[in-house]
Amino acid sequence: MDHASEPATLAADGSTPATTEPMTAMNERVRYPLFGVGSLALAWELLARLVVDGLTPLSDVFAAGVGLVASGELFGALAASLPKLALGYGLAVAVGVPLGLLMGFSSTADALADTPVTTLFVTSVASLLPLLIAVFGAGIGFYVVVVFLFAVFHVTLTLRAGVRDVDDALVETGRVFGASRFGVYRHVLLPASLPHVAAALRLGAVRAVKGMVVGELWVYAGFGSLLHGYQRYSQTDSALAVVLVLMALSVGIAGGLGALERRYAPWHHVEGGVR
């Protein structure tokens, strides 16, 4: 029997070919989240139908969501809210990423910035909203500042912690090969910090969405206006539909940033095992 004519099904070590590994990893990234979401959705529907009388069934929430799309209310809220989110989050990234890298790389910069950054990090942004309205008014500047404050310190401190977690052996290896101080930063610390940058951006994005909603609930606009109106008139199904849209928005942004991380920092992921 001519085995040479048969397609190769095993690698030399008896494992599956390496070309199948990316496809398997991608299938796991899709299949497992879908299974988890499907299980949660089924549990929600069964609890609402059989156990908890006051809980709106998920099917009714979906029907309300279809109504929001058909009426155009959802697209109107997106058009009103997304520019504020983009501006506030972009500003938080522009400030938080360089500041987090600087605090992680330089002990002097960290000593100077640690106290004010940590103080503002633990301060409740919600408690500052009346002051922010007095300073910035009720226009787009208010919303942008709220989104910025919700996100920037999480980005900064997450990135600082990640940079400090870079293995010292990598730095010593760079120095052994003759890298200057700047060379160590550029060729060792920055590439090693990319996964931490991605993690900081994902956390900041989720916080930014939360800040957008908090700001709009305080000064009614966009999604905040929808939520306030539906809750005021006890339209629980529509209110929950808006909440699900916001959750999907957060997950979508975080997922997109995760895809960028897998694209530009693939060494950070160990598929199929424990890191």
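Residues numbered from 1 in each chain as written. Predicted model: local features only at pLDDT ≥ 70, side-chain atom pairs only at ≥ 80, totals over all residues. Heavy atoms only, no water.

### Here we look at the nonpolar core
Note the following rule: Only buried residues count toward a nonpolar core, which is a set of Ala, Val, Leu, Ile, Met, Phe, Trp, Tyr and Cys residues joined through side-chain atoms within 4.5 Å. Under the scheme applied here, a residue whose accessible area is under 20% of the maximum for its type counts as buried, over 50% as exposed, and between as partly exposed, the area being computed with a 1.4 Å probe on protein chains only. Elements are defined by DSSP. Helices are runs of H or I of four residues or more, strands are runs of E of two residues or more, and each kind is numbered from the N terminus.
Judged by nonpolar contacts, the single largest core of 56 residues is most densely connected at M212 and V242. When residues of this core are traced back to their parent elements, those giving at least two are helix 2 (58-71), helix 3 (73-105), helix 4 (107-122), helix 5 (129-136), helix 6 (140-164), helix 8 (181-218), helix 9 (222-232) and helix 10 (236-264). For this core, the leading source of residues is helix 6, giving 15 residues.

### Looking at the packing of helix 3 against helix 6
Basically, it comes down to this: Lines fitted to the C-alpha atoms define the axes, with helices restricted to the stretch that makes contact. Angles between their N-to-C directions range from 0 to 180 degrees. Every angle not falling under 35 degrees, over 145, or within 65 to 115 is termed oblique; those three ranges are roughly parallel, roughly antiparallel and roughly perpendicular. Crossing handedness is read from the near helix: turned anticlockwise from the far helix by less than a right angle, it gives a left-handed crossing, and turned clockwise, a right-handed one. All residues other than Ala, Val, Leu, Ile, Met, Phe, Trp, Tyr, Cys, Pro, Asp, Glu, Lys and Arg, Gly among them, are scored as polar; the first ten of these are nonpolar and the last four charged.
In the contact formed by helix 3 and helix 6, the axes pass within 6 Å of each other and the chain directions differ by 30 degrees. As summarised for this structure, helix 3 and helix 6 are arranged roughly parallel, according to the angle between their axes. Remark: the crossing between helix 3 and helix 6 carries right-handed chirality. When its residues are assigned to classes, the contact of helix 3 with helix 6 shows 21 nonpolar, five polar and three charged.

### A word on the pattern of salt bridges
Formally: For this document, the term salt bridge refers to a Lys or Arg side-chain nitrogen within 4 Å of an Asp or Glu carboxyl oxygen.
Evaluated as defined, the whole model comprises five salt bridges. The shortest N-O distance in the salt bridge between R160 and D110 comes to 2.7 Å. With R160 in helix 6 and D110 in helix 4, this residue pair connects regions lying 50 residues apart in the sequence. The two residues R160 and D110 agree in class, both being buried. For D114, the salt bridge goes to R160, with nearest N and O atoms at 2.8 Å. Placement of D114 in helix 4 and of R160 in helix 6 is noted, with a sequence separation of 46 residues between them. The class of D114 is partly exposed, set by a relative accessible area of 26%.

### With respect to helix 9
Within helix 9, the full set of buried residues consists of G222, F223, G224, L226, L227 and Y230. At the exit of helix 9 stands S234, carrying a positive phi of roughly 55 degrees.

### Section: the environment of V243
The residue V243 is located in helix 10 in this model. In sequence terms V243 and F223 are 20 residues apart; their C-alpha atoms lie 8.9 Å from each other.

### Description of the packing of aromatic side chains
Note the threshold: Centres within 6.5 Å make a pair out of two Phe, Tyr or Trp rings, where for Trp the six-membered ring is used; the pair is then stacked when the planes are under 30 degrees apart, edge-to-face when over 60, and tilted otherwise. Here, a charge over a ring is recorded when the distance from Lys NZ or Arg CZ to the ring centre is within 6 Å and its angle to the ring normal is within 35 degrees.
Evaluated as defined, the whole model comprises one aromatic pair. Across the ring face of Y143, the terminal group of K84 is positioned such that the distance to the ring centre comes to 3.9 Å.

### A few points about a nonpolar patch on the surface
Formally: For patch detection, residues must exceed 30% relative accessible area and be free of salt bridges, and they are connected within 9 Å for like charges or within 5 Å for nonpolar side chains (Val, Leu, Ile, Met, Phe, Trp, Tyr). Areas reported as accessible are Shrake-Rupley estimates using a 1.4 Å probe. Residue values count occlusion only from the protein chains shown.
A cluster of nonpolar residues, L42, L46, L47, L50, V51 and V52, forms a patch on the protein surface that exposes about 570 Å² of accessible area. Tracing the sequence through the fold places V52 in the loop between helix 1 (20-51) and helix 2.

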